[in-house]
Amino acid sequence: MTDLSALSALSALSGDESGEPGVLTDSWDFDEDWLSDGPKLIVPVPAGSHVDASLVRRVIEGCRAAGADGVLVLTDGPGGPDGPGGPGASGRTRRTVALGRAVAAVAGNGSPVLLASCDRQGAVLFSGPGSALVAGTPRFLRGAVPEGVDGGRARFARYARTVAHRWPGLLSLARSLPPRHLAWSRSRDVPAGTGAARQLELMRGLTGGSVDAPDFARGWQAARRTSQDNGERLREPLLTAFGQVFSLLEDYSVDLDLKDADDLTDQELADAVREIMEYTEGF
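Below you will find a few notes about this structure. Here the structure is a predicted model, which means the values were calculated and not measured. (Residues numbered from 1 in each chain as written. Predicted model: local features only at pLDDT ≥ 70, side-chain atom pairs only at ≥ 80, totals over all residues. Heavy atoms only, no water.)

Observations regarding the packing of aromatic side chains
1) Next: Counted by the stated rule, this structure contains three aromatic pairs.
2) Next: Aromatic side chains Phe-156 and Tyr-159 sit 5.6 Å apart centroid to centroid with 50° between the ring planes, which places their arrangement in the tilted category. Here Phe-156 pairs with Tyr-159, and both are found in helix 6 (residues 149–162), just three residues apart, close to one helical turn.
3) Next: A relative accessible area of 17% means that Tyr-159 is categorised as buried. (Phe/Tyr/Trp six-rings, centres within 6.5 Å; stacked < 30°, edge-to-face > 60°. Helix = DSSP H or I, 4+ residues; strand = E, 2+ residues; numbered from the N terminus. Buried < 20%, exposed > 50% of the residue type's maximum accessible area, 1.4 Å probe, protein only.)

With respect to a negative patch on the surface
1) Next: A cluster of acidic residues, Glu-250, Asp-251, Asp-260 and Asp-262, forms a negative patch at the surface.
2) Next: Mapped onto the elements, Asp-262 comes out in the loop between helix 10 (238–250) and helix 11 (266–279). (Patch = residues over 30% accessible without salt bridge, like charges linked within 9 Å, V, L, I, M, F, W, Y side chains within 5 Å. Areas by Shrake-Rupley, 256 points an atom, 1.4 Å probe, with all protein chains shown as cover. Salt bridge = Lys/Arg side-chain N within 4 Å of Asp/Glu carboxyl O. Lys, Arg positive; Asp, Glu negative; His and termini not counted. Charge placed at Lys NZ, Arg CZ, Asp CG, Glu CD.)

Here's the deal with the nonpolar core
1) Next: The biggest cluster of nonpolar side chains holds 29 residues, and the ones touching the most others in it are Leu-55, Val-56, Val-59, Val-71, Val-106, Leu-115 and Val-134.
2) Next: Looking at this core, the elements with two or more residues in it are strand 1 (41–46), helix 3 (53–66), strand 2 (70–76), helix 4 (102–106), strand 4 (113–117), strand 5 (122–128), strand 6 (131–136) and helix 5 (138–144).
3) Next: Setting aside residues up to four positions removed in sequence, Val-56 forms contacts with Val-51, Ala-102, Val-103, Val-106, Ala-107 and Leu-115.
4) Next: With 28 residues, the next largest nonpolar core counts Leu-202, Met-203, Leu-206 and Ala-270 among its residues. (Core = buried A, V, L, I, M, F, W, Y, C linked by side-chain atoms within 4.5 Å. Contact = heavy atoms within 4.5 Å.)

These figures capture arrangement, not role.
Written out as structure tokens, the structure is:
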């Protein structure tokens, strides 16, 4: 398992040594300089004894969200038929695979394995059974950790408690990477300046008449992305209310030329948002 406390004490490997300049230290930890460039956040995620398809899909979706078109694979041992030196090569090996081939090329590998976007915006580090670390920019994490930074960390903490009998070390990893925000259940609990606060402000503006429907739709979706990038979390009943607004916006078009006959009108959108606010205890 990665020793996060040692990150700052270890220097980055050169490109010649690792094939991943700036991403890894010589002890298979994320390099502090790479993490600071962005900056990048770390989310621990559940894993099995080997790299499985779900772990590879995290880096694939992270690449897609960040605009990268390939996965850099770094392993400690033979690189396979596509790796440097061919079958039987020893030491660290590096190869690049297309997104569509990544699952077939990597799933089943043992530790340690690094899967990084080809532009190095993010990476998944599998250094031992039981867990993996996902690190990256907000854009990368939006795809790689769709549950959000804090959602992913909270989920991992629950998982670590469940498997403590098998992998007790995961509890300390979960404690070293706690959620940064509380999960808010009521509008009055949401701190000013957050993405969720901006979403609430827009909802009040729409129903009060100070924000028109197109501006609401554009602004609410932008604030939602900010909230996700910040790792903000919601709990019931606010979680369901925000989900209902998101569903409404899927049936509303800002562009009049693209509006279908069954799309919500501006007034219908405002009325529906008002109803959500009136009947949700969280408001």
